[in-house]
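# Per-entry structural report
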Amino acid sequence: MTDNRLNEAAQAVRQAMADDGWIAALTGAGVSAESGIPTFRGAEGLWRGFRAEELATPEAFQRDPDNVWQWYMWRRGLVLDAQPNAAHKALAALERHHRGFTLVTQNVDGLHQRAGSERVVELHGNIHHARCLQCGRAARLPEPGDGDGPVRDGERTDMETPRCPQCDGSTRPHIVWFGETLPQQPWRQAHAAAASADVLLVIGTSAAVYPAAGLIDVTLAGGGRVIEINPQATDASERVTWALRGPAGDVLPELLQAGGVAPA
Ligand code: BJW
Ligand code: ZN
């Protein structure tokens, strides 16, 4: 993609860095699509005939905790088998290159961290953790290959929610479901980053889920400019400054390289 929009957007990135300004990124499921992780609202977003909106709710978990748990463990399996892609790596390179950068993600897959990003603000939780319903502690789930991992003695051990290692209470996925409030500290960090951003990169999100999608308006209201990277038009396309069409794994490295960030 070598059109005017890309060049203008790259110029805004370059300028923000030259001025020692602030850059933020908001990522969604599309940034992990090229790693083979299905998006929520895409055609592969279905699992056993359920849509994500039918599984990612406290009511669904109350009704059938094992069903919801198994959906998360299926997704976690995909994530553990996946590798970070060029878009995750480009964002890690941007963090290394520019101090005033904050990466905010709606994703729960941990692929940004695996690509080398160290300061990741997770708005919707993390699929590798379970949280105790009794004492509130979030603990990382065992990895395959740990003595305690999902397969032990040939038997799957991840088909039911585990007990809390601290108090033996019941646990749930450490995820923010529809109707639940976002964790306070990450939300504050994300809001502050969007408010002070000279440039906000909005990558691979349908911008349909709030309050995350509202960060776009926070940046625009603060006088910052917004660059959207997505192969499709989204709910935000009409209000962003530049909408760059294409897969994040192609467009983001091209944009950042044109903006002066050395490739990963
Ligand atoms: C590519 C690509 C490639 C493909 N490269 N791109 C204001 C207005 C209206 C509604 C609300 C509002 N405020 C709150 C609400 C209610 C609700 C909400 O937003 N509903 C909307 C659906 C209308 N929000 C909430 O309930 C939130 N809580 C809250 O607001 O609390 C206060 C409150 C409490 C009580 C009552 C009211 C308010 C919580 C939201 C939690 C979202 N949780 C989920 C699931 C859990 C995580 C998990 O299981 O993994 O988070 S939902 C799901 O959507 C997931 C995602 O993080 C989130 C966003 O989806 P995302 O990432 O945008 O994915 P997709 O699939 O939608 O889009 C993928 C995009 O990628 C597409 O555009 C593709 O084109 C693109 N793409 N290939 C680049 N290669
Ligand atoms: Zn506990």
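Residues numbered from 1 in each chain as written. Chains lettered and ligands numbered in written order. Predicted model: local features only at pLDDT ≥ 70, side-chain atom pairs only at ≥ 80, totals over all residues. Heavy atoms only, no water.

### Re unusual backbone geometry
For the record, the criterion: Numbering goes from the N terminus for both helices and strands, where a helix is a DSSP run of H or I of at least four residues and a strand is a run of E of at least two. With a 1.4 Å probe rolled over the protein chains alone, any residue whose accessible area is under 20% of its type maximum counts as buried; one over 50% counts as exposed, and the rest are partly exposed.
Note the cis peptide between Tyr210 and Pro211, where omega equals 10°. A positive phi angle, near 60°, is found at Asp20, a position not held by glycine. Mapped onto the fold, Asp20 is located in the loop between helix H1 (4–18) and strand S1 (23–27). Note on Asp20: relative accessible area 52%, which makes it exposed. Even without a glycine there, the phi angle at Ala207 is positive, about 55°. Classification of Ala207 as buried rests on a relative accessible area of 2%.

### A few points about the site of ligand 1
Going by this rule: Only heavy atoms are used to decide nearness, and a residue is near a molecule or strand if one of them lies within 4 Å of it. Each polar contact in these results corresponds to two N or O atoms within 3.5 Å; when the atoms are within protein, one needs to be able to donate a hydrogen and the other to accept it, and residues that are neighboring in sequence are counted only if both atoms are side-chain atoms. In this description, accessible areas are obtained by the Shrake-Rupley approach with a 1.4 Å probe, and a residue is regarded as covered only by the protein chains that are shown.
What surrounds ligand 1 is a group of 35 residues, the closest being Arg41, Arg75, Gly179, Thr205 and Ser206. Contact between ligand 1 and Ala29: an oxygen atom at 2.8 Å from a main-chain N or O atom of the residue. Residue Asn230 places a side-chain N or O atom 2.8 Å away from an oxygen atom belonging to ligand 1. When isolated, ligand 1 has an accessible area of 1,500 Å², and the protein chains bury 74% of it. Counting residues per element, the shell around ligand 1 draws most heavily on helix H4 (residues 65–81), which supplies three residues.

### Description of the pattern of salt bridges
Threshold: Only one rule defines a salt bridge in this text: a Lys or Arg side-chain nitrogen within 4 Å of an Asp or Glu carboxyl oxygen.
This model, assessed by the stated rule, comprises 10 salt bridges. We note a salt bridge from Asp20 to Arg99, for which the minimum N-O separation is 3.9 Å. Here Asp20, found in the loop between H1 and S1, pairs with Arg99, found in the loop between helix H5 (86–97) and strand S2 (101–105); they are 79 residues apart in sequence, far enough to count as distant. For the salt bridge of Glu143 with Arg140, the shortest nitrogen-to-oxygen distance reads 2.8 Å. A relative accessible area of 46% places Arg140 in the partly exposed class. What you see here is one network of salt bridges that share partners, running through Arg41, Arg51 and Glu53.

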